[in-house]
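These are the residues of each chain, in order.
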Amino acid sequence: AIAHPARHAFLRAMHPPLPDIIDAALCLAWEEQGVDRRDHAYALLANMHQELESRISPTLTPLDRLMTLNHYLFDELGFKGNENEYYAIHNSYLDHVITHRSGLPIVLSILYIHLAQQIGVHCYGVAFPGHFMVQCRQGYGDPIIIDPFRSGKRWSMSECSNYLQRQRVSNDVHEWLAIPTAHHIM
């Protein structure tokens, strides 16, 4: 069962101490689609990174860097959540999401986190029930919550709490902001 080369690559990508979630996600897509499109996806990611780097000056604050990322990713490139075909399997494949600029919350969040880290902002996942987003922690205050599925919308803590209440779970937002590991995300 582990003979497929994508599985071997996936296991290498997930190997501690620092799992490579981008490579792991691309390996999942490779096995499911039967085609290894990692090189193409990495080329597109490199182009995005290069374009973002040209817009980032050393004096930009982390929030300014995130706003630059949001503008580039959502306004210029048009990345968005695929609400019309939410359950279509291709929304789960990172290579497809990068190419077609549309996908599921968790895949868009993986991409967002990767690009944010490329421009010097450490972001992490937010694993709310039924919805995955991104959080950026800046100091000791509340984190910045960004929803890549909804074109980079920022959620307030009260919006997060209301969402959790509608999901009928504990609406203690901070309880739900525990950073998921790469293994949990995969």
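Below: a short report on this structure. Note that the structure is predicted; figures quoted are calculated from it, not measured.

Points about the packing of helix H2 (residues 21-33) against helix H3 (residues 38-53)
The description of two helices packed together rests on the angle between their axes and the distance between the axes. Where H2 meets H3, the axes come as close as 10 Å, and the angle between the chain directions of the two elements is 140°. With respect to their mutual orientation, H2 and H3 come out oblique. Regarding H2 and H3, the two cross each other, and that crossing is right-handed. Between H2, through Ile22, Asp23, Leu26, Cys27 and Trp30, and H3, the contact on the second element is made entirely by Arg38, Ala41, Tyr42 and Leu45.

Considering the pairing of strand E3 (residues 123-128)
Sheet topology places E3 next to strand E4 (residues 131-136); six bridges connect them, and they run antiparallel. Looking at the pairing, alanine 127 lines up with phenylalanine 132 of E4. Following E3, the chain reverses through two residues before pairing antiparallel with E4; glycine 130 in that reversal takes a positive phi of roughly 80°.

Describing the side chain of glutamine 135
For glutamine 135, the location among the structural elements is in strand E4. At 2.9 Å, the side chain of glutamine 135 and the backbone oxygen of glycine 125 are in polar contact. Reaching out from glutamine 135, the side chain makes a polar contact with the side chain of arginine 137 at a distance of 3.1 Å. For glutamine 135, the contacting residues outside a window of four places in its chain are Cys123, Tyr124, Gly125, Val126, Pro143, Ile144, Ile145, Leu177, Ala178 and Ile179.

Side note on the sheet that holds E3
If you trace the four strands from one edge of the open sheet to the other, you get E3-E4-E5-E6, paired in antiparallel fashion. Only two strands of the sheet have a single neighbouring strand rather than two, namely E3 and strand E6 (153-155). Across the sheet, the mean angle from the axis of one strand to that of its neighbour is 40°, orientation sign disregarded. Sheet analysis places E4 next to strand E5 (residues 144-147), joined by three bridges and oriented antiparallel.

Cut-offs and rules
- Residues numbered from 1 in each chain as written.
- Predicted model: local features only at pLDDT ≥ 70, side-chain atom pairs only at ≥ 80, totals over all residues.
- Heavy atoms only, no water.
- Axes fitted to C-alpha atoms, helices over the stretch in contact; angles between N-to-C directions.
- Helix = DSSP H or I, 4+ residues; strand = E, 2+ residues; numbered from the N terminus.
- Parallel < 35°, antiparallel > 145°, perpendicular 65-115°, else oblique.
- Left-handed = near helix turned anticlockwise from the far one by under 90°.
- Contact = heavy atoms within 4.5 Å.
- Pairing = 2+ DSSP bridges.
- Polar contact = N/O pair within 3.5 Å; in protein donor to acceptor, adjacent residues only side chain to side chain.

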